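Topology and contacts: notes
One letter stands for each residue in the lines below.
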Amino acid sequence: EPEVTQTPSHQVTQMGQEVILRCVPISNHLYFYWYRQILGQKVEFLVSFYNNEISEKSEIFDDQFSVERPDGSNFTLKIRSTKLEDSAMYFCASSETLRGLRFTGELFFGEGSRLTVL
Amino acid sequence: EDKVVQSPLSLVVHEGDTVTLNCSYEVTNFRSLLWYKQEKKAPTFLFMLTSSGIEKKSGRLSSILDKKELFSILNITATQTGDSAIYLCAVLISNFGNEKLTFGTGTRLTIIP
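Computed from a prediction, not measured in an experiment: that's the story for all the values here.

1. A short note on the interface of chain B and chain A
On the side of chain A, 26 residues touch chain B, which itself brings 21 residues to the contact. Interface area for chain B against chain A, summed over the two sides, is near 2,000 Å², with a carbon-plus-sulfur share of 54%. Connecting chain B to chain A are one salt bridge. Between Lys100(B) and Glu56(A) there is a salt bridge whose closest N-O contact spans 3.8 Å.

2. Quick notes on the pairing of strand 3 (residues 19-26) of chain B
Residue and element names in this part refer to chain B. The alternating pattern of strand 3 places Val-19, Leu-21, Cys-23 and Tyr-25 on a buried face and Thr-20, Asn-22, Ser-24 and Glu-26 on a face that is not buried. Pairing analysis gives five bridges linking strand 1 (residues 3-7) to strand 3, with the strands arranged antiparallel. Note that in strand 3 the partner of Lys-3 across the bridge is Glu-26. Taken together, the six bridges between strand 3 and strand 8 (residues 71-76) define a ladder with antiparallel strand orientation. Within strand 8, the position partnered with Thr-20 by the bridge is Asn-75.

3. Side note on the sheet that holds strand 1 (residues 5-7) of chain A
Residues and elements named next belong to chain A. Taken in spatial order, the four strands make up an open sheet running 1-3-8-7, and their pairing is antiparallel. Each edge of the sheet is formed by a strand with only one pairing partner; in this case those strands are strand 1 and strand 7 (65-68). Averaged over all neighbouring strand pairs, the angle between strand axes comes to 20°, with direction disregarded. Across three bridges, strand 1 lies against strand 3 (residues 19-24) in antiparallel orientation.

4. Some thoughts on the packing of aromatic side chains
All told, the structure shown has 16 aromatic pairs over all chains when counted by the stated rule. Ring geometry for Tyr35(A) and Phe45(A): centres 5.6 Å apart, planes at 70°, overall edge-to-face. Separated by ten residues along the polypeptide, Tyr35(A) in strand 4 (residues 31-37) and Phe45(A) in strand 5 (residues 43-50) bring together distant segments of the chain. Aromatic pair Tyr36(B) and Phe103(B): ring centres 5.9 Å apart, planes at 45°, arrangement tilted. Highlighted residues: Tyr36(B) in strand 4 (residues 30-38) and Phe103(B) in strand 10 (residues 98-103), separated in sequence by 67 residues. Overall, Tyr36(B) belongs to the buried group, its relative accessible area being 0%. You can call Phe103(B) buried: its relative accessible area is 1%. Clustering of aromatic rings is evident, with ring pairs tying together Tyr31(A), Tyr33(A), Tyr35(A), Phe45(A), Tyr50(A), Phe91(A), Phe109(A), Tyr36(B), Phe45(B) and Phe103(B).

5. Observations concerning the state of the cysteines
In the structure shown here, the tally under the stated rule is two disulfides over all chains. What pairs with Cys23(A) in a disulfide is Cys92(A), and their sulfur atoms sit 1.9 Å apart. Classification of the bridge connecting Cys23(A) and Cys92(A) rests on its S-S torsion, roughly -65°, and on that basis the disulfide is left-handed. You can see Cys23(A) sitting in strand 3 and its partner Cys92(A) sitting in strand 9 (residues 88-95), a full 69 residues away along the chain. The buried category is assigned to Cys23(A), whose relative accessible area is 0%. At a sulfur-sulfur separation of 1.9 Å, the disulfide partner of Cys23(B) is Cys89(B). Linking Cys23(B) and Cys89(B), the disulfide has an S-S dihedral of approximately -65° and is accordingly described as left-handed.

6. What to know about a negative patch on the surface
Where like charges cluster on the molecular surface, the negative patch consists of Glu1(A), Glu3(A), Glu96(A), Glu106(A) and Glu111(A). Of the residues examined, Glu1(A) reaches a relative accessible area of 87% and is grouped as exposed.

The rules behind these values
- Residues numbered from 1 in each chain as written.
- Chains lettered and ligands numbered in written order.
- Predicted model: local features only at pLDDT ≥ 70, side-chain atom pairs only at ≥ 80, totals over all residues.
- Heavy atoms only, no water.
- Contact = heavy atoms within 4.5 Å.
- Buried area = accessible area lost by both parts, 1.4 Å probe.
- Salt bridge = Lys/Arg side-chain N within 4 Å of Asp/Glu carboxyl O.
- Buried < 20%, exposed > 50% of the residue type's maximum accessible area, 1.4 Å probe, protein only.
- Helix = DSSP H or I, 4+ residues; strand = E, 2+ residues; numbered from the N terminus.
- Pairing = 2+ DSSP bridges.
- Axes fitted to C-alpha atoms, helices over the stretch in contact; angles between N-to-C directions.
- Phe/Tyr/Trp six-rings, centres within 6.5 Å; stacked < 30°, edge-to-face > 60°.
- Disulfide = S-S within 2.5 Å.
- Patch = residues over 30% accessible without salt bridge, like charges linked within 9 Å, V, L, I, M, F, W, Y side chains within 5 Å.
- Areas by Shrake-Rupley, 256 points an atom, 1.4 Å probe, with all protein chains shown as cover.
- Lys, Arg positive; Asp, Glu negative; His and termini not counted.
- Charge placed at Lys NZ, Arg CZ, Asp CG, Glu CD.

This is the structure:
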């Protein structure tokens, strides 16, 4: 069964360092997302990406964050100058939604990348 | 601000019991409401509800949406230890074709053998 894969599963970094979290969405999906979940808190939307550009971003997704689709398969989240409060589980997700058309409801999540900022 | 509120936050029951999980919402540009199960890491899709009053069923799980009162319930009958998980409610919001999910805090369900 196709799945969304994320690497690394866990990354520990020093405050101020840059991290890149990688995701390989399901191959025929067109819509990509990043969500994060701080320990004990709810899953929060960060950004959605369609047709090689950001569709929507939340207030959390400030200039510290960026996303990229460097090739036909990978989808990355870059966090510059990490802060302690960036420690969270970061989930990549994809869906086969076509913009403006019927959403199937199946947002497929990866297993997550746990980021720990020390 | 869009809000999705789940209750209870935590629930502990014995195997075989029936549970009802609640989700209420206040959002603009509502499109659908979705339920996910989160066991260890990734949320897995359970149901998507778009119309009021139509029950969705999958085995022992069922869910229904009330768009007038702005809530949904998720029922699990004859619970098993494998049902222990966090159940997430999320509302799909659509702005000019851009879609995003807004999640509730989840209900942590623990089934005691």
